[in-house]
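Fold and contact review
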Amino acid sequence: KKMSVKKSSIEKLNNEQLVKYLIEGNKFVAEACQIAFDILKSRGVFFSETETQRIQNLIDSKRVKKVKKNIHKNHLKAANLIYLTAILGFINVAISNQFKFDLSTIIISFLSFLTVYFIGYLISKGNDWLKYFLLVFLVLGLIGLPILLLNILSNPLVGIVNVIQSILQIYAVILLFKIPKSDK
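Just so we're clear, the structure is a prediction, and the values are computed from it rather than from any experiment. (Residues numbered from 1 in each chain as written. Predicted model: local features only at pLDDT ≥ 70, side-chain atom pairs only at ≥ 80, totals over all residues. Heavy atoms only, no water.)

Position of Leu22 relative to the elements: it lies in the loop between helix 2 (15-19) and helix 3 (30-42). Residue class for Leu22 comes out buried when judged on its relative accessible area of 3%. Between the C-alpha atom of Leu22 and that of Ala36, which follows or precedes it by 14 residues, the distance is 7.7 Å. Residues in contact with Leu22, not counting those within four places in the same chain, are Cys33, Phe37, Leu40, Phe47, Arg54, Ile55 and Leu58. (Helix = DSSP H or I, 4+ residues; strand = E, 2+ residues; numbered from the N terminus. Buried < 20%, exposed > 50% of the residue type's maximum accessible area, 1.4 Å probe, protein only. Contact = heavy atoms within 4.5 Å.)

Here we come to the layout of surface pockets. Using a probe with the size of a water molecule, rolled over the atoms, empty space left in the structure can be pinpointed. Roughly 1,200 Å³ of internal volume is contained in the largest pocket. Every residue lining the largest pocket is counted, 38 residues in all, and those nearest its centre are Val116, Asn162, Gln165, Ser166 and Gln169. Looking at the lining of the largest pocket, the elements with two or more residues in it are helix 5 (73-95), helix 6 (103-124), helix 7 (130-141), helix 8 (145-154) and helix 9 (156-177). It is helix 6 that contributes the most residues to the lining of the largest pocket, 8 residues altogether. (1 Å grid on protein atoms, 1.4 Å probe; cavity = no way out; pocket = protein on both sides within 12 Å on 5 of 7 lines; lining within 4 Å. Points joined across faces, edges and corners; volume = space filled by probe spheres on them.)

The geometry of helix 5 relative to helix 6 is characterised by a closest axis approach of 7 Å and an angle of 175° between their N-to-C directions. Here helix 5 is positioned roughly antiparallel relative to helix 6, judged by the angle of their axes. On helix 6, the residues touching His75, Leu76, Ala78, Ala79, Ile82, Tyr83, Thr85, Ala86, Ile87, Phe90 and Val93 of helix 5 are Thr105, Ser109, Phe110, Phe113, Val116, Tyr117, Ile119, Gly120, Tyr121, Ile123 and Ser124. Grouping the constituent residues of the contact of helix 5 with helix 6 by class yields 16 nonpolar, 6 polar and no charged. (Axes fitted to C-alpha atoms, helices over the stretch in contact; angles between N-to-C directions. Parallel < 35°, antiparallel > 145°, perpendicular 65-115°, else oblique. Nonpolar A, V, L, I, M, F, W, Y, C, P; charged D, E, K, R; others polar.)

Here helix 5 contains 23 residues, and its C-alpha end-to-end distance of 33 Å stays within 8% of the 33 Å for a straight helix at 1.5 Å per residue. Buried within helix 5 we find Asn74, His75, Ala78, Ala79, Leu81, Ile82, Tyr83, Thr85, Ala86, Leu88, Asn92 and Val93. (Expected span 1.5 Å × (residues − 1).)

Okay, here's the thing in structure tokens:
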């Protein structure tokens, strides 16, 4: 849940209490620290350029921590699964004897790896819309199920890696859909 900071409550504090908002390691949120800093300045309290910079860095670091806290653990787990599928895809190309290793194969494989890796990166940053994107591609991937089964018969190692990739991707999508709306 999002907590709001009441400026009126902070304004009632004396200067000595407000200074506690500007001490390194305090328990206050960035918004409260910023309000306390602004109130002290409006009351005529002088801050040197060094102090001002230190306080601004403190407030900025609290804002960064807040952003990191808003990313649900399932985003990170799903991103790691997607990274793993990217690596498995790259390995699959290397162990497959169906591909000739020409420049176009290498370029396409590398671009595919980067695309999947980028999707994992976006997920790790909390981009919730990607669950729908991945779901659509998983459903479209069901069309390729017969090819996947043929792959297992023709090249068992490649087929098994494909199955593992599919399972990891399905699990990643499930994790993304299990994120409660309040944590998004």
